[in-house]
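# Geometric and topological summary
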Amino acid sequence: MNQGIVLEIANSGKTGIILRVGNPDNSAMPNFIPGQYTALGLESEGVESTRAYSICSLPGEPFWEFLITVVQGGKVSSSLAKLRPGDTIFYKPTPKGNLILQRSKDYKNLIFVATGSGIGPFRPMSYQFVSDDDFREKKLIVLQGARFFSDLHYREWFEETASKGGFDYITYTSREHSSSRFGRVTDWFKNAELDPSATAVYLCGNPDMVNEIKEILVSKGFDSSKGGNIITESYW
Ligand SMILES: Cc1cc2nc3c(=O)[nH]c(=O)nc-3n(C[C@H](O)[C@H](O)[C@H](O)COP(=O)(O)OP(=O)(O)OC[C@H]3O[C@@H](n4cnc5c(N)ncnc54)[C@H](O)[C@@H]3O)c2cc1C
Ligand SMILES: NC(=O)c1ccc[n+]([C@@H]2O[C@H](COP(=O)([O-])OP(=O)(O)OC[C@H]3O[C@@H](n4cnc5c(N)ncnc54)[C@H](OP(=O)(O)O)[C@@H]3O)[C@@H](O)[C@H]2O)c1
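The rules we used
Residues numbered from 1 in each chain as written. Chains lettered and ligands numbered in written order. Predicted model: local features only at pLDDT ≥ 70, side-chain atom pairs only at ≥ 80, totals over all residues. Heavy atoms only, no water. Buried < 20%, exposed > 50% of the residue type's maximum accessible area, 1.4 Å probe, protein only. Helix = DSSP H or I, 4+ residues; strand = E, 2+ residues; numbered from the N terminus. Pairing = 2+ DSSP bridges. Right-handed = clockwise from strand over helix to strand, strands pointing away. Near = heavy atom within 4 Å. Polar contact = N/O pair within 3.5 Å; in protein donor to acceptor, adjacent residues only side chain to side chain. Areas by Shrake-Rupley, 256 points an atom, 1.4 Å probe, with all protein chains shown as cover. Nonpolar A, V, L, I, M, F, W, Y, C, P; charged D, E, K, R; others polar. Domains from an automatic or database assignment. Salt bridge = Lys/Arg side-chain N within 4 Å of Asp/Glu carboxyl O. Core = buried A, V, L, I, M, F, W, Y, C linked by side-chain atoms within 4.5 Å. Contact = heavy atoms within 4.5 Å. Axes fitted to C-alpha atoms, helices over the stretch in contact; angles between N-to-C directions.

### Some words on the pairing of strand 7 (residues 109–115)
Most of strand 7 is tucked away, with 6 of its 7 residues classed as buried. Relative to strand 8 (residues 139–146), strand 7 runs parallel, the two sharing 7 bridges. Its bridge partner lying in strand 8, Val113 is registered against Leu143. The handedness of the strand 7 to strand 8 crossover, carried by helix 2 (residues 122–131), is right-handed.

### What to know about the site of ligand 1
Around ligand 1 sit 18 residues, and of these Ala52, Tyr53, Thr69, Val76 and Ser77 come closest. Lys75 places a main-chain nitrogen or oxygen 3.1 Å from an oxygen atom of ligand 1. When the free accessible area of ligand 1 is taken as 880 Å², the share hidden by the protein chains comes to 74%. Tallying contributions element by element places strand 4 (residues 47–54) first for the shell around ligand 1, with 4 residues. Of the residues assigned to the shell around ligand 1, the class counts are 9 nonpolar, 6 polar and 3 charged. When we break the shell around ligand 1 down by domain, the ones giving at least three residues each are domain 1 (2–91) and domain 2 (101–234).

### Thoughts on the pattern of salt bridges
Where charged atoms from two side chains of opposite charge approach closely, those side chains can pair. If you walk through the whole model with that rule in mind, you get 8 salt bridges. Glu65 is the partner of Arg123 in a salt bridge, and the nearest nitrogen-oxygen pair spans 3.8 Å. Taken together, the positions of Arg123 in helix 2 and Glu65 in strand 5 (residues 64–69) put the pair 58 residues apart, joining distant regions of the chain. For the pair shown, Arg123 and Glu65 are each scored as buried. By sharing partners, the salt bridges in this structure join Glu8, Arg20, Glu65 and Arg123 into a single network.

### Topic: the nonpolar core
Membership of the largest hydrophobic core comes to 27 residues, with the highest contact counts inside it found for Leu110, Phe112, Ile119, Phe122, Val142, Phe158 and Tyr202. Contributions of two or more residues to this core are made by strand 7, helix 2, strand 8, helix 3 (155–165) and strand 11 (199–205). Mapping this core onto the domain boundaries places at least three of its residues in each of domain 1 (2–91) and domain 2 (101–234). For Ile119, the contacting residues outside a window of four places in its chain are Leu67, Ala114, Val142, Gln144, His153, Tyr154 and Phe158. Counting residues in each nonpolar core, the second largest holds 19 residues, with Ile170, Trp188, Leu217 and Ile230 among its members.

### What to know about the sheet that holds strand 10 (residues 181–182)
What the 6 strands build is an open sheet, ordered 10-9-8-7-11-12; its pairing is parallel. Only two strands of the sheet have a single partner each, and these edge strands are strand 10 and strand 12 (230–234). Lying over the sheet, helix 5 (residues 207–219) contacts strand 7, strand 11 and strand 12, oriented at roughly 160° with respect to strand 11.

### Here's the deal with helix 2
Burial within helix 2 is extensive, with 7 of its 10 residues counted as buried. Among all positions of helix 2, only Phe122, Arg123, Pro124, Met125, Ser126, Gln128 and Phe129 are buried. The elements touched by buried residues of helix 2 are strand 5, strand 7, strand 8, helix 3 and strand 11.

See below:
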C-alpha cells in the first residue's frame, strides 16, 4: 500500500462522504480505467484494515475521489468518515475491476444501474462515454436509486453532464416522494423493451438489486455468464 494524504472530505446526503486522496508530495495519483476500484486502508494500533472502494474522480484529475456510504457499525467506513484534511491514509496504487466500458464495446445501447454509493464508478464511466469519440454512435441510460433525494449522490453532476452529453439520467427515491420517480430502479425494467443483442447492462451497488435485475434480464434473453452483456459489481 502507498501512503496518501486526505485532501478533502465532505458529506454527501445523509449517509455518504466524498473523500479526496492525494500523494503527500503533490504528485498525481496513478492512472486508472474509469469504473475501476482500489483498496483504501487505515492503520490502527499497528494493524491495517482495508476495504475496496471505486474511484469516482475523472481521468486527468491529480487526486482520487471516493464516494463512501458510512455503514452504521461498519469498521472501516465509520473510521474513514472521521478523517480530516492532512490525515494519512493508505491506498493500493494498482486499481482493478470489470466494470469498464471495454467490456461492452460490441453493444450499441448501454445502461448503467446503481443503488446507494454504487453510482460512484459510473461518474468517470459516463465522463468517458461523453468525451471519447468511440461512443459517439452509442446510447446511454443511467438509472440511480436511493432511499432519499439527498442520497442521490452526484445528482447535479449527472444532470449537467447528461444534458450536455446527450444521455438519459433517471432517478428513483424509495422512501420519499420527490421530483424523482418513486420506487426502485428495478421498476424501470418491468416494462422496458430491450434488445439483448444490442444492449449491455452494468449493475453496481446493493447485491439484492444486482441479483434481482440480473434475473429480470436473463428472463429477457440477456447473458449473465462471464463475458456476457450483464456486467456487475456487488458492494457486499
Ligand atoms: C469491488 C468493491 C467496490 C466497492 N466500492 C465501494 C464504494 O465505492 N463505496 C462504498 O461505500 N462501498 C464500496 N464497497 C464496499 C466497501 O468495500 C466496504 O464493504 C464498506 O465500506 C463497508 O465496510 P465497513 O468496514 O465499514 O463495514 P463492515 O464492518 O465490513 O460491515 C459490512 C456490511 O456493511 C454493509 N455495506 C457494505 N458496503 C455497503 C455500501 N456501499 N452501502 C451500504 N451498506 C454497505 C453490508 O451490510 C455489509 O455486510 C465496495 C466493495 C467492493 C467489493
Ligand atoms: N439511507 C439512509 O438514510 C440510511 C439510514 C439509516 C441507515 N442506513 C444504513 O446505510 C446503509 C444503506 O445505505 P443506502 O441507502 O445507501 O443503501 P441501500 O440500502 O442499498 O439502498 C439504496 C437504494 O437501493 C434500494 N434497494 C434495496 N434493495 C433493492 C433491490 N433488491 N432492488 C432494487 N433496489 C433495491 C433501496 O430501496 P428500499 O428503500 O426499498 O430498500 C434504496 O432505494 C445500510 O448499512 C443502512 O443500515 C442508511
